Structure formats: C-alpha cells, structure tokens
Amino acid sequence: MARNKKQLPLLEKVTITDVAAEGKAIARVNDMVVFVPFVAPGDVIDIQLTRKKHSYAEGKAVFFHEYSPRRAEPFCEHFGVCGGCKWQVLPYPEQIRYKQKQVEDNLRRIGKIELPEISPILGSAKTEFYRNKLEFTFSNKRWLTNEEVRQVVKYDQMNAVGFHIPGAFDKVLAIEKCWLQDDISNRIR
C-alpha cells in the first residue's frame with residue numbers, strides 16, 4: 001500500500017541572508033533556518049520546502065521576486081544540476097569572503113577556539129580550468145534534466161560520461177564542458 005507523502009509548505013517572498021557550507025545559502029523564517037542551494041544573499045524567493053526537521057528545513061527556489069545585486073551569472077551550462085560549481089552565483093571575491101567566514105565560525109563556534117586576527121584568504125589567479133584532478137563516471141543510464149524530460153523526446157542514446165547528480169549517486173549527468181580542470185580533460189572525455 002503506497003503512502004501519500006505530505007506536501008511540505010511553500011514559503012513566499014523569503015530573503016536569503018547568508019551562505020552556509022556546501023554551497024547552500026541560508027534564509028530564516030520565524031525561528032527556523034532554511035538551507036537553499038543555487039541562490040545568493042539578497043535574493044528574494046519563494047521556497048518549496050523539500051525536507052523539514054525540528055530546527056531546520058531544506059528547500060529549493062521555485063520563483064525569484066528579486067535578484068541580489070551581489071549575484072553573479074553562472075558561466076557553466078550545467079550549473080544547478082551537476083553540483084560541481086555550487087558557488088557560481090557569487091562573484092569570486094564574495095566566495096572567498098564567505099568561505100573564510102565559515103572557517104572562522106566553525107573554529108570559534110564548534111571548536112571553541114579563541115582566534116587571533118586572521119589574514120584574508122589569498123585568491124587564485126585562475127578561477128576556471130584550475131583543478132588537477134576530476135573523476136568522470138561512465139554510465140549507460142544517462143540522467144535527463146528537467147528540460148529534457150519536458151521535451152518528451154525518446155532518447156536512443158542513453159550513455160553518459162560525466163558526474164554523479166548530487167544526492168543520487170546512481171545517476172550520471174552527461175557533461176558537455178567542465179570548467180574545473182584544464183580544457184584538455186574536455187577533449188579527452
């Protein structure tokens with residue numbers, strides 16, 4: 001007997017206020033923290049909750065009322081599906097600032113360590129094609145994006161070379177171009 005899963009609420013016109021770990025952003029609704037991926041502080045969005053616990057929830061942006069002035073346009077065509085470049089909605093200097101803040105917060109709050117003044121993170125000159133290692137996955141069951149599913153096209157070729165979908169390690173997204181490793185890896189793939 002199938003159980004009907006209770007529909008979680010839609011939170012309307014919520015302002016994203018901060019950045020959390022793993023590329024998720026934070027909104028606060030009443031006394032609850034809501035983690036949302038692929039958004040930037042200052043975005044005003046409607047959030048469809050996907051998971052709700054006692055003190056926090058997770059959700060996804062389903063409508064943007066306002067875009068943050070601090071937002072950057074993601075350069076990767078796979079952004080939002082792949083999960084490899086979760087910070088692309090923020091300009092690189094903002095990414096560094098939030099990552100440093102996370103390290104300091106974790107050491108102070110979780111580690112209970114008194115810290116001296118910390119020097120700012122030195123950014124990389126290269127923000128594209130900079131990694132020295134990627135692990136591509138091969139599959140004969142290619143993940144279809146929501147856009148591909150809506151097209152109602154029959155796909156004869158379901159092979160994929162790419163990356164695992166976040167949270168679904170049995171699903172592989174075929175990658176057209178990856179901006180993380182030297183471009184020679186795109187030619188090899």
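Residues numbered from 1 in each chain as written. Predicted model: local features only at pLDDT ≥ 70, side-chain atom pairs only at ≥ 80, totals over all residues. Heavy atoms only, no water.

Peer 1: Hey, could you run me through the overall build of the protein in this one?
Peer 2: When helices and strands are tallied, the protein shows 3 helices and 8 strands. Taken from the N to the C terminus, the helices and strands of the protein come in the order β-β-β-β-β-α-β-α-β-β-α. Viewed in the frame of its principal axes, the protein has a C-alpha envelope of about 55 × 50 × 30 Å. A total of 189 residues make up the protein; the buried ones form 37% of that total. Counting only contacts in the protein whose residues sit at least 6 apart along the sequence, the fraction spanning at least 24 positions is 49%. (Helix = DSSP H or I, 4+ residues; strand = E, 2+ residues; numbered from the N terminus. Buried < 20%, exposed > 50% of the residue type's maximum accessible area, 1.4 Å probe, protein only. Contact = heavy atoms within 4.5 Å.)

Peer 1: Is there a simple way to explain the sheet that holds strand E2 (residues 24–29) in this structure?
Peer 2: Backbone-to-backbone hydrogen bonds pair the strands of a sheet. The strands run either parallel or antiparallel. Taken in spatial order, the 5 strands of this closed barrel run E1-E2-E3-E5-E4, and their pairing is mixed. Averaged over all pairs of adjacent strands, the angle between strand axes in this sheet comes to 50°, irrespective of strand direction. (Pairing = 2+ DSSP bridges. Axes fitted to C-alpha atoms, helices over the stretch in contact; angles between N-to-C directions.)

Peer 1: Would you mind going over the nonpolar core with me for this structure?
Peer 2: If you look at soluble globular proteins, the nonpolar side chains tend to sit buried side by side. Formed by 14 residues in total, the largest nonpolar core has its most connected members in Leu11, Ile16, Val34, Val36 and Ile47. Those elements that place two or more of their residues in this core are strand E1 (10–19), E2, strand E3 (32–37) and strand E4 (44–52). Apart from the residues within four sequence positions on either side, Ile47 is in contact with Pro9, Leu10, Leu11, Val14, Ala27, Val34, Val36, Gly59 and Lys60. (Core = buried A, V, L, I, M, F, W, Y, C linked by side-chain atoms within 4.5 Å.)

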